[in-house]
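Secondary and tertiary structure notes
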Amino acid sequence: MRCAITLMGIAIALLLFIAMAKAGDHEEAMRVSEQCMERHNIAEDDIPKMHMDDFDASEVDEKFKCFAHCMLEEMGYLDEAQKLNLAKLEEDEDFKDEYLDIAVKCKAEHDFIEDPCEYSFKIMSCAMEIKKTEE
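Residues numbered from 1 in each chain as written. Predicted model: local features only at pLDDT ≥ 70, side-chain atom pairs only at ≥ 80, totals over all residues. Heavy atoms only, no water.

1. Points about the overall build of the protein chain
- Of the regular secondary structure elements, the protein chain holds 6 helices and 2 strands.
- Counting from the amino terminus, the protein chain carries its helices and strands in the arrangement β-α-α-β-α-α-α-α.
- For the protein chain, the share of sequence-separated contacts (at least 6 apart) that also reach a separation of at least 24 residues comes to 68%.
- When the accessible surface of the protein chain is totalled, it reaches about 7200 Å², and 48% of it is carbon and sulfur. (Helix = DSSP H or I, 4+ residues; strand = E, 2+ residues; numbered from the N terminus. Contact = heavy atoms within 4.5 Å. Areas by Shrake-Rupley, 256 points an atom, 1.4 Å probe, with all protein chains shown as cover.)

If you want it as structure tokens, here you go:
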């Protein structure tokens, strides 16, 4: 998948990243996405069209940042401190190794962030940016 294609907003970009990272359970990622969209009052109409080349994380609404947190939390990828749980990612048979390397880099870069929504969003944004530069 090329990151330069037009995506339907940050919610879909985050969902696609998680679905790409997991080799198997795409249905689970979709179920969690729908649940998190409902929890954070995100309708499909709320999702702006975005182009990954134009992506500006500073302009993203808080509900989308909390959507990222919800996704990571519901997928079981956060620990008790609401930080990325690398051990959990390593245990997940469906999580691809190439994405584990990205997770390690992004965790090291953003683990100082205390707000759970901001932290999760920065982790996901970091991962998408690294993946984009690798293609």
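2. Quick notes on the packing of aromatic side chains
- Taken as a whole, this structure holds 0 aromatic pairs when the rule is applied.
- When the ring centre of tyrosine 119 is taken as origin, the NZ or CZ atom of lysine 83, which lies over that ring, is 4.3 Å away. (Phe/Tyr/Trp six-rings, centres within 6.5 Å; stacked < 30°, edge-to-face > 60°. Lys NZ or Arg CZ within 6 Å of the ring centre and 35° of its normal.)

3. Let's talk about the environment of leucine 86
- Structurally, leucine 86 is set in helix H4 (residues 86-91).
- For leucine 86, a relative accessible area of 21% puts it in the partly exposed group.
- Considered as a pair, leucine 86 and aspartate 101 are 15 residues apart in the sequence and their alpha carbons are 9.8 Å apart.
- Not counting the four nearest positions on each side in its chain, leucine 86 is found in contact with Leu100, Ala103, Val104 and Lys107. (Buried < 20%, exposed > 50% of the residue type's maximum accessible area, 1.4 Å probe, protein only.)

4. Looking at unusual backbone geometry
- Positive phi values are uncommon outside glycine, yet asparagine 41 reaches one of about 55°.
- Turning to its location among the elements, asparagine 41 is positioned in the loop between helix H2 (26-39) and strand S2 (50-51).
- Residue asparagine 41 is classed as exposed on the basis of its relative accessible area, which comes to 63%.
- The phi dihedral of glutamine 82 falls on the positive side, at around 65°, and the residue is not glycine.
- Here glutamine 82 shows up in the loop between helix H3 (62-74) and H4.

5. A few points about H3
- Helix length check: H3, at 13 residues, gives a terminal C-alpha distance of 18 Å against a target of 18 Å (1.5 Å per residue), a fit within 8%.
- For H3, the complete set of buried residues consists of Phe64, Lys65, Cys66, Phe67, Ala68, His69, Cys70, Met71 and Leu72.
- Measuring from the backbone nitrogen of lysine 63 back to the side-chain oxygen at the start of H3 gives 2.8 Å, which picks out aspartate 61 as the cap. (Expected span 1.5 Å × (residues − 1). Polar contact = N/O pair within 3.5 Å; in protein donor to acceptor, adjacent residues only side chain to side chain.)

6. Comments concerning the state of the cysteines
- One pass over the structure, following the stated rule, counts 3 disulfides.
- With a sulfur-sulfur separation of 2.1 Å, cysteine 66 is cross-linked through a disulfide to cysteine 117. Between cysteine 66 and cysteine 117 the disulfide shows an S-S torsion of about 105°. By sign, it is right-handed. Note that cysteine 66 is positioned in helix H3 and cysteine 117 in helix H6 (residues 116-134), a separation of 51 residues in sequence. Take cysteine 66 and cysteine 117: they sit in the same class, and that class is buried.
- Counting only the cysteines that form disulfides, in the order they appear in the protein chain, gives the pairing 1-3, 2-5, 4-6. (Disulfide = S-S within 2.5 Å.)

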